[in-house]
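Remarks on the overall topology
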Amino acid sequence: MSHPHPELSVPPELAPGALRVIPLGGLGEVGRNMTVFEYDGRLLIVDCGVLFPEENHPGVDLILPDFEPIRDRLGDVEALVLTHGHEDHIGATPFLLRERGDIPLVGSELTLALLDSKLREHRLKETVHHTVSEGDRIAFGPFDLEFVAVNHSIPDALAVAIRTGAGMVLHTGDFKMDQLPLDGRITDLRAFARLGEEGVDLFLTDSTNAEVPGFTTSEKEISPVLERVFHESRGRLIVACFASHVHRVQQVLDAAVEHGRKVGYVGRSMVRNMAIARDLGYLDVPPGVVVDAKELADLPPERQVLISTGSQGEPLSALSRIAQRNHNFVHIAEGDTVVLASSLIPGNENAVYRVINGLARWGARVVHKGNALVHVSGHASAGELLYCYNIVKPRNVLPVHGEIRHMLANAALARETGVPDEQVVLAEDGIVVDLVDGRARIAGKVECGYVFVDGSSVGDITESDLKDRRILGEEGFISVIVVVDSVTGKVSGGPEIHARGFAEDDATFDEIKQPIIDALDRATSDGVADSYQLQQTVRRVVGRWVSNTHRRRPMIIPVVVEA
Ligand SMILES: [Zn+2]
Ligand SMILES: [Zn+2]
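Let me sum up the structure you'll find in this document. All residue numbers here refer to positions counted from 1 along the written sequence of the relevant chain. The lettering of chains begins at A and the numbering of ligands begins at 1, in the order of writing. Where local features are concerned, this predicted model is filtered to residues with pLDDT of at least 70; where side-chain atom pairs are given and counted, the filter is 80 or more; whole-chain, interface and lining totals use all residues. Excluded from the side-chain calculations are hydrogens and water; all other atoms, namely the structure's heavy atoms, are used.

**Details of the overall build of the chain**
Secondary structure elements are defined from DSSP: runs of H or I of at least 4 residues count as helices, runs of E of at least 2 residues count as strands, and each element is numbered from the N terminus. Check the secondary structure of the chain and you find 16 helices and 25 strands. A principal-axis box enclosing the C-alpha atoms of the chain has dimensions of 85 × 70 × 45 Å. Put simply, of all contacts in the chain between residues at least 6 apart along the chain, 71% involve residues at least 24 apart. Where accessible areas are quoted, they stem from the Shrake-Rupley method and a 1.4 Å probe; at the residue level, only the protein chains shown are allowed to cover. Within the structure as shown, the chain displays about 24000 Å² of accessible surface, and the carbon and sulfur contribution to it stands at 49%. Charge separation in the chain, taken as the distance between the mean sites of 55 positive and 81 negative side-chain charges, equals 3 Å. In this analysis, two residues are considered to be in contact whenever any of their non-hydrogen atoms come within 4.5 Å of each other. The charged-residue count follows a simple rule in which Lys and Arg add positive charge and Asp and Glu add negative charge, with His and chain termini not counted at all. Where a charge lies is defined by one atom per residue type, namely NZ (Lys), CZ (Arg), CG (Asp) and CD (Glu).

**With respect to the environment of Ala161**
Positionally, Ala161 belongs in strand 10 (residues 157-164). You can call Ala161 buried: its relative accessible area is 0%. Apart from the residues lying within four places of it in its own chain, the contact partners of Ala161 are Asp144, Leu145, Glu146, Met168, Val169, Leu170 and Leu195. Three labels apply to residues, based on accessible area from a 1.4 Å probe with only protein chains included: buried if under 20% of the type maximum, exposed if over 50%, partly exposed otherwise in between.

**Overview of the coordination of the zinc ion (ligand 1)**
With water omitted from the atoms examined, metal sites may look incomplete; donors here are N, O and S atoms no farther than 2.8 Å from the metal, or 3.2 Å in the case of Na, K and Ca. Around the zinc ion (ligand 1), the protein supplies Asp88 (OD), His89 (NE2), Asp174 (OD) and His401 (NE2) as donor atoms, at distances of 2.1 to 2.2 Å. Considering all four donor atoms around the zinc ion (ligand 1), the spread of angles at the metal, 86 to 165°, places the coordination shape in the irregular class. Along the chain, the residues donating to the zinc ion (ligand 1) fall in the pattern D-H-x84-D-x226-H. The metal-metal distance between the zinc ion (ligand 1) and the zinc ion (ligand 2) comes to 3.3 Å, with Asp174 coordinating both. Highlighted residues: Asp88 in helix 2 (residues 87-90) and His401 in the loop between strand 18 (396-400) and helix 13 (404-416), separated in sequence by 313 residues. For the pair Asp88 and His401, a shared accessibility class is recorded, and that class is buried. Geometry assignment treats four donors as tetrahedral when all angles are between 85 and 135 degrees, treats four as square planar and six as octahedral when opposite donors are over 155 degrees apart and all others between 65 and 115, and treats everything else as irregular.

**Here we look at the coordination of the zinc ion (ligand 2)**
Octahedral metals with six donors have ideal donor angles of 90 or 180 degrees. Tetrahedral metals with four donors have an ideal donor angle of 109.5 degrees. Donor atoms from the polypeptide that coordinate the zinc ion (ligand 2) comprise His84 (NE2), His86 (ND1), His152 (NE2) and Asp174 (OD), at 2.1 to 2.3 Å from the metal. On the accessibility criterion, His152 (4% relative accessible area) is buried. Judged by its relative accessible area of 2%, Asp174 falls in the buried class.

**Considerations on a nonpolar patch on the surface**
Candidate patch residues must exceed 30% relative accessible area and have no salt bridge, after which like charges are joined if within 9 Å and Val, Leu, Ile, Met, Phe, Trp or Tyr side chains if within 5 Å. Put simply, a salt bridge is a Lys or Arg side-chain nitrogen that is within 4 Å of an Asp or Glu carboxyl oxygen. On the surface, Ile481, Ile557, Val559 and Val561 cluster together into a nonpolar patch covering about 260 Å² of accessible area. Ranked by residues supplied to the nonpolar patch, first place goes to strand 25 (residues 555-562) with three residues. When you line up the elements, Val559 lands in strand 25.

**Quick notes on the nonpolar core**
Residues Phe37, Leu44, Leu145, Ile162, Phe192 and Leu398 are the most contacted members of the largest nonpolar core, which totals 62 residues. Residue contributions to this core peak at six residues, all from strand 10. Once residues lying within four places of it in the same chain are set aside, the contact partners of Leu145 are Leu44, Val81, Asp136, Arg137, Ile138, Ala139, Phe140, Val160, Ala161 and Ile162. Judged by nonpolar contacts, the second largest core, of 38 residues, contains Leu80, Ile90, Leu119 and Ile276. Side-chain atoms within 4.5 Å link the members of a nonpolar core, which is a set of buried Ala, Val, Leu, Ile, Met, Phe, Trp, Tyr and Cys residues.

**Thoughts on the pattern of salt bridges**
Should their charged atoms come close, side chains of opposite charge can pair. All chains considered together, the criterion is met by 29 salt bridges. Note that Asp76 and Arg73 form a salt bridge whose closest N and O atoms lie 3.0 Å from each other. Here Asp76 falls in the partly exposed class, since its relative accessible area comes to 21%. Here Arg405 and Glu211 are joined by a salt bridge, their closest N and O atoms 2.9 Å apart. Residue Arg405 is found in helix 13, and its partner Glu211 is found in the loop between strand 12 (202-206) and helix 6 (222-232); the two are separated by 194 residues along the sequence.

**Describing unusual backbone geometry**
Of all residues except glycine, most have a negative phi; of all peptide bonds, most are trans. Cis geometry is found at the peptide bond from Gly494 to Pro495, where omega equals -5°. With respect to the helices and strands, Pro495 occurs in strand 24 (residues 491-500). A positive phi angle, near 70°, is found at Asp47, a position not held by glycine. Along the chain, the position of Asp47 falls in the loop between strand 3 (42-46) and strand 4 (62-64). A relative accessible area of 2% means that Asp47 is categorised as buried. One non-glycine residue, Lys393, lies in the positive phi region at around 50°. Within the secondary structure, Lys393 is located in the loop between helix 12 (382-392) and strand 18.

**A word on the packing of helix 12 against helix 13**
Under this scheme, a helix contributes an axis fitted over its contacting stretch, all axes are lines through C-alpha atoms, and angles between N-to-C directions fall in the 0 to 180 degree range. Helix 13 packs onto helix 12 with a crossing angle of 45° between their chain directions and a minimal axis gap of 9 Å. In terms of their interaxial angle, helix 12 and helix 13 are classed as oblique. Note that helix 12 runs across helix 13; the crossing there is right-handed. Together, Ala382, Leu385, Leu386 and Tyr389 of helix 12 and Asn410, Leu413 and Ala414 of helix 13 make up the contact between the two elements. Residues are grouped as follows: Ala, Val, Leu, Ile, Met, Phe, Trp, Tyr, Cys and Pro are nonpolar; Asp, Glu, Lys and Arg are charged; every other residue, Gly included, is polar. Taken together, the residues of the contact of helix 12 with helix 13 break down into six nonpolar, one polar and no charged. Should an angle fall under 35 degrees it is taken as roughly parallel, and over 145 as roughly antiparallel, whereas 65 to 115 is taken as roughly perpendicular and any remaining angle as oblique. Take the far helix as the reference: if the near one is turned anticlockwise from it by less than a right angle, the crossing is left-handed, and if turned clockwise, right-handed.

From the geometry alone we can't say anything about function, so treat these as descriptive.
Okay, structure coming up:
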């Protein structure tokens, strides 16, 4: 197996007739999926998603793939293929389209409909859409695309086969192999077999659950558990799940009908996405069941079901506000039942448990993944991946969509089925893989970091700004203002010291004032006149003192003014 090596440099020019794969996101993290394919000077992009920030990214709204490696080649892009409508696959598309608005967007009906509402929010109007379905074959420049149905935790997901002069690539997108999905639309293994027969030269496979043994439980297994929860509940029911999980919502709707309850959606994305899914026929809503959530509040609690966003404990979501009892019309009460019908994405644990505790404090019973089967994954487990390798019989394998441990586990599965060691390529974001004469190998590396979206700024916030924010958040700051006489070089005013998030009493700093004055006097008598250097002197004196006496490392902002 070839490992990505840190000493890699910029890849050489692509050999004629070869295919290049440039992963810009999603290899090394679960999120911001984006892969660029290059053939004959032209580019094809598969997916363009976001990564959600964690607690070590204070103030960051979203993390995007880095477009820099293709920024001056956007004119060569033939199309952007979107495998399905999850945020980690479509979320960064508006940001890419801001740089070139007419990139053809290719995806299934539901995927493009979900994307469309996002494009409208970003006021992107003149976009080019190509709606495709399983079985369709359509060429964009030298890329001949064929789409294959796959089953996932959102309807209408597609895998894509990409035929070029260099061979065929099969990209699974996100998938699993639920054999009895709610909509009857299974992962088309017959198509996988047919493509395998033709010859899959490079197989990109979803690694998310490669460490999980066996097979992913069927979505339908949740239904009897929901049934029991509905049966046992005497008060109001609130079910939180991902706003794109149409089949999960369908199961809740069906249970509500069964038990004579009415349903209201809470959370903007839930209201919007379920309207799209219903209008396009992906969600079957019997007449009169879904009512406006505010009207629902007028019914007796035992007739209400709220389907809400916020299953990851997002602080501004409907469920978080309900848990803090500051939602404008949902007031959680004794006897209510809350179901968190979702996964717990690593990094969100604290936020989710905070919400669970908040709800429980008001007397609600909370049913979650930890105490009932109310969630199944949307990704193929090891058993399913083995099936795929045996059916497709790929020549080369590139595990995608996962942290390094997931991709390693996926690579091991490929090898177990007989893919030769050297033809299983392990790459991370920025590692360039070339397919030359039927062999995939690492060709080099391009720089691609995290791009942070913060309010209206994109890419302005750097890792060092985030470091400052973490210091401010954890250690507070101290400002020191000193006035130095421009003629004598002596301190003529201050030091005036203020702190925030450090100590409430500014008198704490009295003992360090004289040492600051002494240090400045020494520096000026040594001939230091530059105010930046004088500020560094102040920073050193205060920093050492704070560290020794208070065991703290706050941000220190020295200001030396000459007067
Ligand atoms: Zn994904
Ligand atoms: Zn997905």
